[in-house]
Amino acid sequence: MAVSEGKALSLNCTVDSQPKPMPNSYEWKLERDGKVTILSEKSPYLDLGSASGDNTGNYTCTTTIQFSDGVMETETASLAVTVKTAPKIVNKDDNTVNAKVGSTAVLECKGEGEPDPQFQWTNSTDGDIENSDRFMIEQKVDGSVLVISTLTISSVSNADYGIYRCTATNDVGTDTFQVELKARSKPEAPKDVKLVQGSSSIVVEWTPGYDGGDMQTFIIEYKNLETKYQDKVAGIKAGPGLRMNHTLKGLNPKSEYQITVIAVNSEGNVPAAPSTVKTDAAPKAAGQTGSNGEIGRASCRERV
């Protein structure tokens, strides 16, 4: 049984028998992707509402008949349901691919739909791309739902950079996706640098910019503007979150520091604008008095 997405979908389990099946003896099961789900409906009528892709699967209805002599029999019927759905491209956030001249670039278009979508790739001038000595289009099914179309470009040239469009089509509808092939470049400068100072430490926070299509790391350079001492922390790897932070320790109290966060990849490095902050005064030791921030010491002497 095939039904289009959004259409009303209901199933009826009819048993031609005498006597009739026992009331509330119906059991519905849905088998989908190798998993069996027992549904809550106990009547011969299963109302699934508006059809969606999640309704696709094999439905089994089981009921029990009790004869006058007390003998009980079980009747079972099955029906395969296919909900036809328009293509949906699921990797639209992966809209940039970077590659150097002479290297190989791989562009992917991942879609789902019923029946499986077919894909067409076009370039920035809307010209259809066909398989050739440098361009190769392949399609494969990943699992039971996802279909992946791959466009591989060998020996990338400057003329290959630009926008590529993938169109997924089946007999229900279409979906499109654009991906840009760009030259590998230096990373963008770190963004939104913030400093939180203590008396002997500074927490440096920032948001990584675009990595230029390559793995990036970060350097923090810091300089005491009073003593002119300077140092750096290198090789800070990007973490899984959107914000990053690193704590500089062993700094002098009440000293002004200049901090620069630098993004680095194989193409080069780009610094953020330098920031300055003054560390706090050192905490007072036990027994300190006075309000001028100086250490006070008390002593007792015998008067003569």
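A quick note: this is a predicted structure, and the numbers were derived from the prediction, not measured.

The rules behind these values
Residues numbered from 1 in each chain as written. Predicted model: local features only at pLDDT ≥ 70, side-chain atom pairs only at ≥ 80, totals over all residues. Heavy atoms only, no water. Pairing = 2+ DSSP bridges. Helix = DSSP H or I, 4+ residues; strand = E, 2+ residues; numbered from the N terminus. Axes fitted to C-alpha atoms, helices over the stretch in contact; angles between N-to-C directions. Salt bridge = Lys/Arg side-chain N within 4 Å of Asp/Glu carboxyl O. Buried < 20%, exposed > 50% of the residue type's maximum accessible area, 1.4 Å probe, protein only. Polar contact = N/O pair within 3.5 Å; in protein donor to acceptor, adjacent residues only side chain to side chain. Contact = heavy atoms within 4.5 Å. Core = buried A, V, L, I, M, F, W, Y, C linked by side-chain atoms within 4.5 Å. Disulfide = S-S within 2.5 Å.

Draft legend 1. Inspection of the sheet that holds strand β13 (residues 162–169) at higher detail. Ordered by their spatial adjacency, four strands build an open sheet running β8-β14-β13-β10, and the pairing between neighbours is mixed. Looking at the sheet topology across the chains shown, the edges are occupied by β8 (96–99) and β10 (118–122). For this sheet the average axis-to-axis angle between neighbouring strands, irrespective of direction, equals 25°. Where β8 and strand β14 (residues 174–183) come together, four bridges link them in parallel fashion. Pairing of V97 across the sheet is with L181, part of β14.

Draft legend 2. Representation of the sheet that holds strand β15 (residues 191–197) within the structure. The strand order β15-β16-β19 describes an open sheet built from three strands, whose pairing is antiparallel. Taken across any chain shown, the strands that pair with only one partner, and hence form the sheet edges, are β15 and β19 (244–248). Here the strands of the sheet are splayed against their neighbours by 15° on average, with no regard to which way each runs. In this structure, strand β16 (residues 202–207) lies alongside β19, joined through five bridges in antiparallel fashion. Residue E205 lies in a different strand from β19, and its bridge partner there is N245.

Draft legend 3. Spotlight on the pattern of salt bridges. Within the structure shown, the criterion is met by 11 salt bridges. Put simply, D33 and R32 hold a salt bridge, and the shortest N to O gap is 3.9 Å. Residue classification places R32 among the partly exposed positions, given a relative accessible area of 25%. Look at the salt bridges and you will find they share partners, linking D192, K194, E205 and R243 into a network.

Draft legend 4. Seen up close, the side chain of N170. Within the fold, N170 resides in the loop between β13 and β14. Of the polar contacts made by the side chain of N170, one reaches the backbone nitrogen of V172; its length is 2.9 Å. Contact partners of N170, with chain neighbours within four places excluded, come to T85, A86, P87, G113, E114, P115, D116 and P117.

Draft legend 5. Geometry of the environment of A2. Within the secondary structure, A2 is located in strand β1 (residues 2–4). Between the alpha carbons of A2 and A80 there is a distance of 8.5 Å; along the sequence they are 78 residues apart.

Draft legend 6. Spatial organisation of the nonpolar core. One finds L107, W121, L151, I153, Y164 and L181 to be the most contacted residues of the largest nonpolar core, which totals 20 residues. Looking at this core, the elements with two or more residues in it are β8, β9 (105–114), β10, β12 (146–153), β13 and β14. Residue contacts for L107: discarding those within four places in its chain leaves V97, W121, S149, T150, L151, I153, Y164 and V179. By size, the runner-up hydrophobic cluster in this structure holds 16 residues, among which are L195, I202, I236 and Y257.

Draft legend 7. Up close: the state of the cysteines. Counted according to the given criterion, the structure contains two disulfides. The disulfide bridge from C13 ends at C61, spanning 2.0 Å between sulfur atoms. Sign of the S-S torsion, about -95° for the bond between C13 and C61, identifies this disulfide as left-handed. Of the two residues, C13 is situated in the loop between β2 (8–12) and β3 (27–32) and C61 in strand β6 (residues 57–66); the sequence distance between them amounts to 48 residues. For the pair formed by C13 and C61, the shared burial category is buried. Through a disulfide, C109 is tied to C166; the S-S separation comes to 2.1 Å. Where C109 bonds to C166 through sulfur, the torsion about that S-S bond is close to -85°, and the disulfide is left-handed. Here C166 lies in strand β13 and C109 lies in strand β9, a separation of 57 residues in the sequence.

Draft legend 8. Broad picture of unusual backbone geometry. P19 follows Q18 through a cis peptide bond whose omega is 0°. Among the secondary structure elements, P19 is positioned in the loop between β2 and β3. Here the amide bond leading from E114 into P115 is cis, since omega sits at 0°, within 30 degrees of zero. Looking at the secondary structure, you find P115 in the loop between β9 and β10. Unlike most non-glycine residues, N24 shows phi in positive territory, near 60°. Note that N24 resides in the loop between β2 and β3.

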